[in-house]
Amino acid sequence: MSNPTPTVTKRILQFFYFIFAVMVISMVGMIGTIIYRSINDGGLMPRPALMDRYACEGFPKPFSLIYRHGKDSIELRVDMPTGLEGPILYGDILNGKIIWLGHTAVNTQLGFLPPVEVVYDAAQVLRVVDPNVPVRIERLCKRKT
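What counts and how
Residues numbered from 1 in each chain as written. Predicted model: local features only at pLDDT ≥ 70, side-chain atom pairs only at ≥ 80, totals over all residues. Heavy atoms only, no water. Helix = DSSP H or I, 4+ residues; strand = E, 2+ residues; numbered from the N terminus. Buried < 20%, exposed > 50% of the residue type's maximum accessible area, 1.4 Å probe, protein only. Contact = heavy atoms within 4.5 Å. Areas by Shrake-Rupley, 256 points an atom, 1.4 Å probe, with all protein chains shown as cover. Core = buried A, V, L, I, M, F, W, Y, C linked by side-chain atoms within 4.5 Å. Polar contact = N/O pair within 3.5 Å; in protein donor to acceptor, adjacent residues only side chain to side chain. Disulfide = S-S within 2.5 Å. Salt bridge = Lys/Arg side-chain N within 4 Å of Asp/Glu carboxyl O.

Engineer: Sorry if this is basic, but what is going on with the overall build of the protein here?
Structural biologist: Within the protein one finds two helices and eight strands. Helices and strands in the protein line up, N terminus first, as α-β-β-β-β-β-α-β-β-β. A buried classification covers 26% of the 145 residues belonging to the protein. In the protein, 29% of the contacts between residues at least 6 apart in sequence involve partners at least 24 apart. On the protein, roughly 10,600 Å² of surface is accessible, and the fraction owed to carbon and sulfur atoms is 64%.

Right, here's the structure in full:
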């Protein structure tokens, strides 16, 4: 068996050094781009999106639901005729069911039972279940612009 000549081994090593240098330069460039963009854009995470406001009618009092598709939090704000903000109720959504926080304390201020379930949500409408009637009724809430 013959050993490869030193020039062939040297060329193979030069080829691997070249590939290694190209990889190092591209990694430094990629890391530099990530650092530059994170400083320029104010961070690596996207900015949080505002929650959408939906006007709900058909309940004993008109109110707004503040909700964002994909988030697990929801707010209920009663629309007062004077323009002042009424009681606010905060809740969490788990598998479409709404779990209101401090629900019993705010019930007397609201004067009605808040929705218990989000059945359907889209960009322009929400369908929620109204617990104020004995039969299961879904009410429509339209997005305010």
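Alright, that's what it looks like, and here's the rest.
Engineer: How should the nonpolar core be read in this particular structure?
Structural biologist: Across soluble globular proteins, nonpolar side chains show a tendency to be buried alongside one another. Among the nonpolar cores identified, the biggest contains 19 residues, and Leu65, Ile74 and Leu76 are the most heavily contacted of them. At the level of elements, strand E1 (52–56), strand E2 (63–67), strand E3 (73–79), strand E4 (85–94), strand E5 (97–101) and strand E7 (125–130) are the ones that each hand at least two residues to this core. Each residue touching Leu76, except ones within four places of it in the same chain, is listed here: Phe63, Ser64, Leu65, Pro87, Ile88, Leu89, Trp100, Leu110, Pro114 and Pro115.

Engineer: How should the side chain of Arg77 be read in this particular structure?
Structural biologist: Take Arg77: it is sitting in strand E3. Arg77 sits in the buried class, given a relative accessible area of 18%. A distance of 2.7 Å separates a polar atom in the side chain of Arg77 from a polar atom in the side chain of Glu75.

Engineer: Sorry, what's going on with the side chain of Glu75 here?
Structural biologist: As for its position among the elements, Glu75 is in strand E3. Residue classification places Glu75 among the buried positions, given a relative accessible area of 15%. Here Glu75 is in contact with Ser64, Leu65, Ile66, Leu89, Tyr90 and Trp100, once residues within four sequence places are set aside.

Engineer: When you look at the state of the cysteines in this model, what are you seeing that I'm missing?
Structural biologist: Note: disulfide means a covalent bond formed between the sulfur atoms of two cysteine side chains. Counted by the stated rule, this structure contains one disulfide. One disulfide bridge connects Cys56 with Cys141, the sulfur atoms lying 2.0 Å from each other. Torsion about the S-S bond of the Cys56 and Cys141 cystine: about 110°, corresponding to right-handed handedness. Placement of Cys56 in strand E1 and of Cys141 in strand E8 (residues 137–143) is noted, with a sequence separation of 85 residues between them.

Engineer: In this structure, what is going on with the pattern of salt bridges? I would like to understand it.
Structural biologist: Any two side chains of opposite charge can pair, on the condition that their charged atoms come close. Considering all chains together, one arrives at seven salt bridges under this definition. Linking Arg136 and Glu117 is a salt bridge whose minimum nitrogen-to-oxygen distance equals 3.2 Å. Remark: Glu117 occurs in the loop between helix H2 (103–110) and strand E6 (118–121) and Arg136 occurs in the loop between E7 and E8; sequence separation between them is 19 residues. By relative accessible area, which is 52% here, Arg136 ends up exposed. The salt bridge involving Arg139 is made with Asp130; its shortest N-O contact spans 3.0 Å.

Engineer: Please explain unusual backbone geometry as it appears in this structure.
Structural biologist: Most peptide bonds are trans, and most residues other than glycine sit at a negative phi. If you check the backbone angles, Asn95 has positive phi at about 55° while not being a glycine. Examined against the element boundaries, Asn95 turns out to sit in the loop between E4 and E5.

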